[in-house]
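Spelled out from the first residue to the last, the chains are:
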Amino acid sequence: MNWKHLVAGIALMALLPVFCIAQYYDYIPVGARSIGMGGTGIASARGGEAIYYNPALMGMDETVEFTLSGLRRYEAKDWPVGSYQGLTEGSHIMAHLASVVVPLSFQNNRICLGISHSHPIEPVIYASGWSGGIDVFSPTLAIRMNDRIRIGMAANIWTGGMKRELDNGSGSIYTAAENEHSGFNSTIGVLVTLLEYYQQHKVYLGASMKSGFDLKVDGKVPILYVGSISLYENRNIGMPIMTSIGLSWVFNNRTTFAVDYEYAFDRTQPNTSPPDEVFPVEYGYAEDSHNFRFGSEYLLQLQELVLPIRMGYRTFGTPFLNEDGSQVLGEALSIGLGVQINWAQLDIAYEKVEFAQRSSWMNNREIPESLPRAAVNYQINSFVVSATVNIEELW
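Per chain, residues are indexed from 1 in the order of the written sequence. Confidence filtering applies because this is a predicted model: local features only for residues at pLDDT of at least 70, side-chain atom pairs given and counted only at 80 or more, and all residues used for totals across whole chains, interfaces and linings. Excluded from the side-chain calculation are hydrogens and water; included are all heavy atoms of the structure.

Brief notes about the overall build of the protein
Selection criterion: Counting from the N terminus, the helices are DSSP H or I runs at least four residues long and the strands are E runs at least two residues long. Buried means the residue's accessible area, taken with a 1.4 Å probe over protein chains only, is under 20% of the maximum for its type, while exposed means over 50%, and partly exposed covers the values in between. Residue burial considers only the protein chains on display, and all accessible areas are found by Shrake-Rupley using a 1.4 Å probe.
Secondary structure assignment for the protein yields 4 helices and 17 strands. Relative to its full complement of 395 residues, the protein shows a buried share of 51%. Of the accessible surface of the protein, which amounts to about 18000 Å², a share of 59% is contributed by carbon and sulfur atoms.

Dropping the structure here:
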């Protein structure tokens, strides 16, 4: 066992909470590299990003790494008709990912310890006075069974909360809603090297499953609707079971193509309460979803520098339903760039998300049935920056 690995791992794990700022059912990809590649990661993620997507991938790491990532989101919601007609916009900055990965050698097996603090769940839109989100703290273990098979497991501790602050009409701000979240689940994963030829071409198959669990919501301030009727109280949210499979092809050690499929099995119970733009899953407005992600990466070599160039596309089920009961589907395009030197890597990514909901409730019940229901259009633009430091090379 390399003592430098152990000392660096313990020190960075102790420092990790210093760098993490606590930030809904709007799952967002984690890490600039994965976001730039369309949110793929089940067979292609590396380092701290692997903890979120497939912990078995952490077994690919050979050096101690520390990663810190930040994200800025711009949200816009366009109500075309009804009493809410108009464009609502908002933006915010948040800490998105902080992680430490420490590879070790133990009884001829290569093991890797990791820990991360990520922010994968956001209010669907911040512009309506909401702030906050849900964080996940994940200690992780990965084992390289042999040259072809790696397994991993992460224990996920869910924390965080959200608050809604509104103007009472006279310029004073009051808290309309506030809550805290807590829960626990696990992620298990496996990575198999399917093909390896000429030492430069490899095909990997990855699979992972996030267990379902009840996310406890502790309401501090009730949500009030017209008539001062409170529709919000302490409750448990049935979070979905998420199973994923991914394939990646590394060609000539420079080009990577990745594709992921994710099935999210909804565990919520139907509820007759009106939908809420931040907590739709609580009211039974989530459904089973089939999510597809595609991404690519090319490593451009420039003397001492390596410049990764990335592109991606993904489709996903949103937490909304259309008027006919069908699930609202969203899509996202992304691009990413990076710079690698011996001991550090800087990655940036941009993602544009769009989806539209057709619903009589969202468009005002007073609209005559003879008129077409216009869609409520959502657009979310995200900018992500990640920095990774190779501790051994730095020393």
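Next comes the rest of the account.
Examining the nonpolar core
Our working definition: In this text, buried Ala, Val, Leu, Ile, Met, Phe, Trp, Tyr and Cys residues form a nonpolar core when linked through side-chain atoms within 4.5 Å. It only takes one pair of heavy atoms within 4.5 Å for two residues to be counted as in contact.
Of all hydrophobic cores here, the largest spans 14 residues; its most connected members are V30, A45, Y53, L57, M60, L191 and Y204. The element contributing the most residues to this core is helix α3 (residues 48–53), with 3 residues. Setting aside chain neighbours within four positions, we find Y204 in contact with A43, R46, M60, L191, V192, T193, G246, L247, S248 and V250. Core analysis: the next-biggest nonpolar cluster, separate from the first, contains 12 residues, I134, V136, F213 and I237 among them.

A look at empty space enclosed by the protein
Note the threshold: Whether a set of points on the 1 Å grid over the protein atoms alone is a cavity depends on a 1.4 Å probe fitting there but being unable to get out, while an open set qualifies as a pocket with protein on both sides within 12 Å along at least five of seven lines; lining residues are those with an atom within 4 Å of a point. Grid points are joined across faces, edges and corners, and a volume is the space filled by probe spheres set on the points. In the scheme used here, Gly and all other residues not listed as nonpolar or charged are polar, with Ala, Val, Leu, Ile, Met, Phe, Trp, Tyr, Cys and Pro taken as nonpolar and Asp, Glu, Lys and Arg as charged.
Estimated volume of the second largest cavity: approximately 80 Å³. Y52, V136, S138, N156 and K210 are the residues nearest the centre of the second largest cavity, which is lined by 13 residues in total. Among the elements of the structure, α3, β4 (109–122), β5 (130–144), β6 (149–167) and β7 (173–197) are those that each provide at least two residues to the lining of the second largest cavity. Considering every element that reaches the lining of the second largest cavity, the biggest residue donor is β4, with 3 residues. Taken together, the residues of the lining of the second largest cavity break down into 6 nonpolar, 6 polar and 1 charged.

What to know about the pattern of salt bridges
Filter applied, for reference: Whenever a carboxyl oxygen of Asp or Glu lies within 4 Å of a side-chain nitrogen of Lys or Arg, that contact is scored as a salt bridge.
In the structure shown here, the tally under the stated rule is 11 salt bridges. A salt bridge links E297 to R33, with the nearest nitrogen and oxygen atoms 3.0 Å apart. Within this pair, whereas E297 is found in strand β13 (residues 289–302), its partner R33 is found in helix α2 (residues 32–36), the two being separated by 264 residues in sequence. In terms of burial, E297 and R33 fall into one category: buried. Connected through shared salt-bridge partners, R33, E297, R310 and D347 make up one network.

Comments concerning the packing of aromatic side chains
To be explicit about the condition: Stacked, tilted and edge-to-face are the three classes assigned to paired rings of Phe, Tyr and Trp, where Trp is represented by its six-membered ring and a pair needs centres within 6.5 Å; plane angles under 30 degrees give stacked, over 60 edge-to-face, the rest tilted.
Following the criterion strictly, the structure yields 8 aromatic pairs and no others. On the numbers, 5.9 Å between centres and 90° between planes, the contact of Y74 with F383 is edge-to-face. One end of the pair, Y74, is in strand β2 (residues 65–79); the other, F383, is in strand β17 (residues 375–390), with 309 residues separating them in the sequence. Of the residues examined, Y74 reaches a relative accessible area of 34% and is grouped as partly exposed. Classification of F383 as partly exposed rests on a relative accessible area of 40%. Plain terms: the ring middles of F355 and Y378 are 4.7 Å apart, the flat faces sit at 15° to each other, and that makes the pair stacked. On the criterion of sequence distance, the pair formed by F355 in strand β16 (residues 344–358) and Y378 in strand β17 is long-range, its members being 23 residues apart.

A look at the side chain of T255
Structurally, the position occupied by T255 is in strand β12 (residues 255–265). By relative accessible area, which is 16% here, T255 ends up buried.

Some thoughts on the pairing of strand β11 (residues 241–251)
Going by this rule: Criterion used throughout: strands pair if DSSP finds at least two bridges between them.
Residues M242, S244, G246, S248 and V250 of β11 are buried on one face, while the alternating residues I241, T243, I245, L247, W249 and F251, pointing to the opposite face, are not. Judged from the 9 bridges that link them, strand β8 (residues 201–210) and β11 form a sheet pairing that is antiparallel. Looking at β11, one finds that Y204 is bridged to S248. With 11 bridges joining them, β11 and β12 adopt antiparallel strand pairing. When the bridges of β12 are listed, S248 appears paired with A258. Where β11 folds back on β12, the antiparallel hairpin that results is connected by 3 residues, among which N252 adopts a positive phi of roughly 60°.

Section: the confidence of the model for the protein
Note the cut-off: Each residue carries a pLDDT score, the predictor's own confidence in it, on a scale running from 0 to 100.
Per-residue pLDDT for the protein averages 78, and the proportion of residues at 70 or more is 75%. Per-residue pLDDT stays below 50 along residues 223–232; that stretch engages in 23 contacts with residues further than four places along the chain or on separate chains. Below a pLDDT of 50 lies the segment residues 361–368, which in the model reaches 18 contacts outside its immediate sequence neighbourhood of four places, other chains included.

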